Structure formats: C-alpha cells, structure tokens
Amino acid sequence: MGNANADIELFKILLNESPDAIFLTNTNDLAIEYCNDSAVEMFEFQSQEDFIGNFGHKYHKKPLSIEERSAIRETLSKNKVWQTEYEYLTCTGKTFWGAITIKKIKAGEKYYHSVRIENITEHKLDKERAEQSNYYLEQSLEALPAFVYMIDKSYNILYASREFKNFYKKVIYKDLNKNSNIFEVISETNKSKRLSYFEKGLRGEELKIFEENLVDGSIRSYEIHFIPIKNGTEVDKLLVFIFDVTDFTSQKYRLEESERKYRLLADHSSDIIFLLDAKMNFLYFSPSVEKVLGYKPDDVITLKMRDILTPESYKDVIAIHKESKSEIIKTKLQFVKKGGKVIWGENHASVIKDRNGDITAYLVITRDITQEKIKEQSLNELNQKLLNLNASLSQSNEELDRFVYRVSHDLKSPLNSVQGLLSLIENETNKQSRQEFIDLTKKSINKLLDFIKEISELSRNAQQEIHPESINLHTFFSELIESQQFSEDAKDINFKIDVDQPNSFLSDKTRLSIILNNLISNAIRYKRTYNVSSEIRLIAKVDEKQVQIEVYDNGQGILKEHLSKIFNMFYRANQHKAGSGLGLYIVKEILDKLEGEISVESEAGVYTKFLISLKNMANSNLNKKHHKK
C-alpha cells in the first residue's frame, strides 16, 4: 500500500461504516487507541475521545478473571482469534450482551489488537425466552396426568414424558433412546388401528379416541388425543396424549346420582343457587329465584348477568372475573328485582375448572342480606352522627372555656371599677367630685348590665324554641328606632325606613329584635361626628319564601382586615369604643338558629351595610307545628 498514515485513515473510515463496536488497542498494555462511531453509540458515550487511553475490561459487567486474561493473551500471541460472549455496562449504567471477537492485526507499520463487539441482546433474550418456554412446556407436559410422547413421520420417538419413559422401559426392558420407535410398545392387535390414527394426524387431522385395554388383569379406559405439529405449513410431528379415564368412567354414574341429589337440594333452598358458564351465561337457577328476585327460573335463565345487577355491581363482577385467581370468590352485590327494586345479595361463587385448569363454569349461592345492609348502614350513620357530635362537643368545650375566661374577665373589670369608685366616694367630701364618681359608678354598672343582658340573650337563643309570629316590618322597624333614638348618641341621626311587604311575614320576633337592635345600636355607636349628616336606613323586601333586610349607615365603617372576623366571639374591630365583642357574635348565632344568613359590606370612613337573608316561616313546617300546639 502507499502512505502508512493514509492507510490508517482509510482503515478508520471503513471501521466507522461498521454497525458493530470496533476498538483498536495497543499490544503492550491493551489501552484503547481508537474506536469507531458505533462503539460510542453502543456504550452511550459522547465522543470517541472518551474511550482513548481506557481499558476495555472496565466496561464488562463482571470483571474478567486472571485466567480469562491469560487465555486471551495466549490465544492472540499465537495469532489466533478469541471469540466469546460477555455482558457489558454502558456509560449510563445500562447493560447489554455482546459477541466479542479479538484478533491481532497490522495497520500501517503497527500491530494492534482489533476488538469487535456485536450487540446480541435481542438474540440472547430470544434464546433465553425460547429455552424458558421449552422448560415451561416440558414441565407442563410432565405435570399432566397422562402419557405424552411426540413422533416424527418415521414414527421415531422425539419426546417422551417421564411416565411414558417408565412405561417404555417396563415393556421393552431398556431405556428409551433417540432410535426408539413407537411401534415397539404397541400391541399387535392395536398396530393397524393405531397406524391409521398416526397417518391421519400426520396429514393434519386432530383426533380424539377412546380405547379399552386389558392391563394387569383388569380393563382400563383411555382417552387419546392426536395433535399435529406443523413446521411452517407442513405437518412433520405428532404429539400424543393418553389419559387414563377408568376412574372417571366408573364415577360417571355416581356423579349423575350426586347431581340428581344436588338439584333436589337446590330446588328446596331459600337461597338462590345458579350456574354460569365461562362466558357468564346462565345455565341453571333454583326455584327460590322467584321468591327473591321475582323471576321464574325459565324466564331469568334467558337474561344476562347485566340484566339482574346494578351497573356498578356488574362492573365489579366483570373486574373480579378477569382478575381473581381464587377457587372461591366472595362478593356483596346489588341485584335488581323484577319491577326495578334493588336488593343486596351475599354471593359465594365456586370456580369450576377442567383438567387443564381452564374455567368452565361458576356455581353461585346468593343470600338476600338487604335487611342486614340496612342495619349496617343505619349503624354507620349513627356512628357518623356520634363522631360529629363528639367533634361538636369538643368544639363547644373549647368555646365554653374561652367564653368562661372572657366573661369572668369582662365581669371583673366593671366590678373592680365600681369597687374602686365606691372607695373614692366614701372618702370624697367635695360634692361635685362625689357626683362625678357616682356617675362613673352608674356607667360601670350599666356596662355590667349590658354585658349580662347579652349573655342572657345568647343563653336564651341556645335553649328556647323558635316561636314564629306575624310581623309588620314597617311598624316593627319604627318601634326599634323609637326605643333607641332618644339616647344621647342617637341625637341628630336621620332614620329612614323602606319596606316592601306584599306578603305576610312570620318569624321569631324576639330573636329578630335582638338582631336588629344590635345592628342599630352599633350604627349609632360608630357614627361619624364630623362634617357629615348621620343616616341609618332600614330596608326590607318580603316574598313568600324569605325576607331580605338591609341595615345601612354612613358612619365610621370597618377596616377591610376586620371584616372576616367581626362575627367571632369577643372580637372588637374598634378598640376606642366600649363594647363586649359579643353583639355581632350573638347576631350570627341567632341567624344560624333561624337558618338565616348575614353578610357585610363596608368602606372605612364611608359606610357599612349589613345584609340579612331570613326564611319566611309563614308556610314552613315549623309554623304549622307551632300552630298545632
């Protein structure tokens, strides 16, 4: 050849055309000097440079032993080729099988070890799968309660089960070998008949026959299957199964007698007993189906499983049919009676299989458990109510603890004030100062009385029943305003009433007055005292089902961050005005009792609007019950 470097470059170009991974290593320390693009792809590297200077054995999943390395060196030193199969690791940790070929070559003026690796993973897996399939096939054939053998067109035995090998040795007095012929163990009287079966089978006809033979002084019955085996389109082998069915034949009469007794039992059972084939078609129903489901046996047997089950239960049956491996399947399903009524059934299904392990039928016993399910459901509902009650009691206990703490605190504060003021009054000689202390004492007592009143209202709301009565809202609003407009804070407030009441309106008047008195007194207390004409509006609209009430004022308003908390117990959005923090909590509690709702809109320094939605009890069951009393 010409220039050695040019030869090497041409050699590298040719190597890169190969689909196999190819490496060139030096002959001294076996370090990699070159690899092709297929090697980079096969081992999932970024480039050829990632291999240069490395040693190929580091990519083996199982490290090479000292003996293997010595054997490779010795083979190559004799200019022979080393070939074998190894499992390799890629750069990313994946594994694959490779067929490796190593030989000594010359490129240019230098000797190399040429390493070629062909990816044979799929071939290896196919081989393993084939070996595994053959193993499973042989194990399956060995597990059958039968003699099994396979013959070719010359009637030579290609395969024999353990049972058949023992039979062959018993008859011929020698072990079966590759030259053994099936006719060596077939009696003279059966040879011509058996030959005709072999010929039909080898022509592609699948047969099943029954024979009786004298064996050890007794008649034995056999069921024989001839299965043609094709190689492509041509039959070249015949697989034969011989089942001893003597016991089955002798038990046939007993089985028929047992079936007769079983049907007699099924016909008089209070549970439904029915039989399904492997495709879920009905084969038999006991007469009790008429009592439980309302169908006559002859009528229900024409239906499908989906016709007597709810859609949900039918889906469950299909899923269990596909997935269950058990011999006994227990389920609870909803059955649809003739006429549409749904009942619950507890089912015990026995899976019936043939000798090959395939499902042939299901024997099902169904017991009506509707009443049990109703009791179970009632018990579950009761348990849930108890859990809810327990949670409610826990919450109530927490609220009670908080309530007691705040009440004791809020009662103690004005009492302490009264006690202190009384001491001052006793020691004060100045008449004017003494009167000021008396006024402060009255103020503390009034605060205490207001607080006690609110607690009483809260208690009454929790304990007393609802008493609906007819309410004329315009008159009602006027009375509420009249009771408050002469207070000191209510001076100069313009009250407005707007009521649309075409229908009669009934509700608990006492509770409604507490709600509106709280809202009106708050509007009065938190009016603006500068550059504005104070206004409070009461607006109501009544229909047959409910009343919508709006309480509006143009007072101080409520900051946005307080709006979501103003109905909480003891929450005070304004710390500059006296108050217990119970008023709006009481409003919310009463509305809950009346099954009403309240919401609030407000803009600080502009307005506050409370919106109440309340049920009109004029036509409610509660009102009818109240009037009956």
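As a starting point, this report considers the structure included with it. The numbers attached to residues start from 1 for each chain and follow its sequence in the written order. Local features in a predicted model are, by the rule used here, given only for residues with pLDDT of at least 70; side-chain atom pairs are given and counted only at 80 or more, and totals for whole chains, interfaces and linings are based on all residues. The side-chain values count all of the structure's non-hydrogen atoms but skip hydrogen atoms and water molecules.

**Considerations on the overall build of the protein**
Along its length, the protein carries 16 helices and 22 strands. Within the span of the protein, comprising 629 residues, buried residues form 36% of the whole. Residue contacts are defined here by distance: any two heavy atoms, one from each residue, within 4.5 Å place the two residues in contact. Summarising the internal contacts of the protein: among those between residues at least 6 apart in sequence, 50% fall at separations of at least 24. All accessibility values rest on the Shrake-Rupley procedure with a 1.4 Å probe; residue burial counts only the protein chains present in the view. As displayed, the protein has an accessible area near 39,100 Å², and 50% of this comes from carbon and sulfur atoms. Numbered from the N terminus, helices here are DSSP runs of H or I no shorter than four residues, and strands are runs of E no shorter than two. To sort residues, take the accessible area from a 1.4 Å probe on protein chains only and compare it with the maximum for the residue type: under 20% means buried, over 50% means exposed, and anything in between is partly exposed.

**Concerning the pattern of salt bridges**
When a carboxyl oxygen of Asp or Glu lies within 4 Å of a side-chain nitrogen of Lys or Arg, that pair is called a salt bridge. Inspection of every chain in the model, using the stated rule, returns 24 salt bridges. In this structure, Lys110 and Glu33 form a salt bridge, with 3.0 Å as the shortest nitrogen-oxygen distance. Of this pair, Lys110 sits in strand E5 (residues 110–119) while Glu33 sits in strand E2 (residues 32–35), and the two are 77 residues apart along the sequence. Judged by relative accessible area, Lys110 falls into the partly exposed class, the value being 36%.

**Focus on the nonpolar core**
Counting residues in hydrophobic clusters, the biggest one holds 44 residues, and the most contacted among them are Leu473 and Leu512. It is helix H14 (residues 509–525) that provides the largest number of residues to this core, a total of 8 residues. Residues contacting Leu473, with those up to four places away along its chain left out, are Val499, Gln501, Phe505, Leu512, Ala540, Val542 and Val547. The set of buried Ala, Val, Leu, Ile, Met, Phe, Trp, Tyr and Cys residues whose side-chain atoms join them within 4.5 Å is what this entry labels a nonpolar core.

**What to know about helix H13 (residues 473–484)**
Given the number of residues in a helix, its expected span is that number minus one, multiplied by 1.5 Å. Taking 1.5 Å of rise per residue, 12 residues should cover 16 Å, and H13 covers 17 Å from first to last C-alpha, within 8% of that figure. Of the residues making up H13, those classed as buried are Leu473, Phe476, Phe477, Leu480, Ile481 and Gln484. In a view along the axis of H13, the buried residues occupy a sector of 130°, so they form one face of it. Where H13 is buried, its residues contact strand E17 (494–500), H14, strand E19 (535–542) and strand E20 (546–553). We define a polar contact as two N or O atoms separated by no more than 3.5 Å, with the added condition that, inside protein, one atom must be a possible hydrogen donor and the other a possible acceptor, whereas residues neighbouring each other in sequence contribute only through side-chain atom pairs. The N-terminus of H13 is capped by Asn472, whose side-chain oxygen sits 3.2 Å from the backbone nitrogen of His474. The directions from the helix axis to the C-beta atoms are what the arc is built from.

**Concerning a nonpolar patch on the surface**
For patch building, the residue pool is restricted to those with more than 30% relative accessible area and no salt bridge; the joining distance is 9 Å between like charges and 5 Å between nonpolar side chains (Val, Leu, Ile, Met, Phe, Trp, Tyr). A cluster of nonpolar side chains, contributed by Leu379, Leu382, Leu386, Leu389 and Leu393, occupies part of the molecular surface with about 470 Å² of accessible area. Inspection of the secondary structure puts Leu379 in helix H11 (residues 370–427). Residue Leu379 is classed as partly exposed on the basis of its relative accessible area of 48%.

**Here's the deal with the sheet that holds strand E21 (residues 597–603)**
The rule for pairing is simple: two strands pair if DSSP sees at least two bridges between them. The mixed open sheet is built from 5 strands, whose spatial order is E17-E19-E20-E22-E21. Among the strands making up the open sheet, the edge pair consists of E17 and E21. On average, adjacent strands in this sheet sit at an angle of 10° to one another, irrespective of strand direction. Where E17 lies against E19, 7 bridges are found, and the strand directions are parallel. Among the inter-strand pairings, Phe495 is bridged to a residue of E19, identified as Ile536. Geometry is summarised by axes, namely lines fitted to C-alpha atoms with helices restricted to the contacting stretch, and by angles between N-to-C directions that run from 0 to 180 degrees. Lying over the sheet, helix H15 (residues 583–593) contacts E21 and strand E22 (607–615), oriented at roughly 145° with respect to E21.

**Some points on the environment of Glu17**
Here Glu17 is to be found in the loop between helix H1 (4–16) and strand E1 (21–26). Between the C-alpha atom of Glu17 and that of Asp37, which follows or precedes it by 20 residues, the distance is 8.4 Å.

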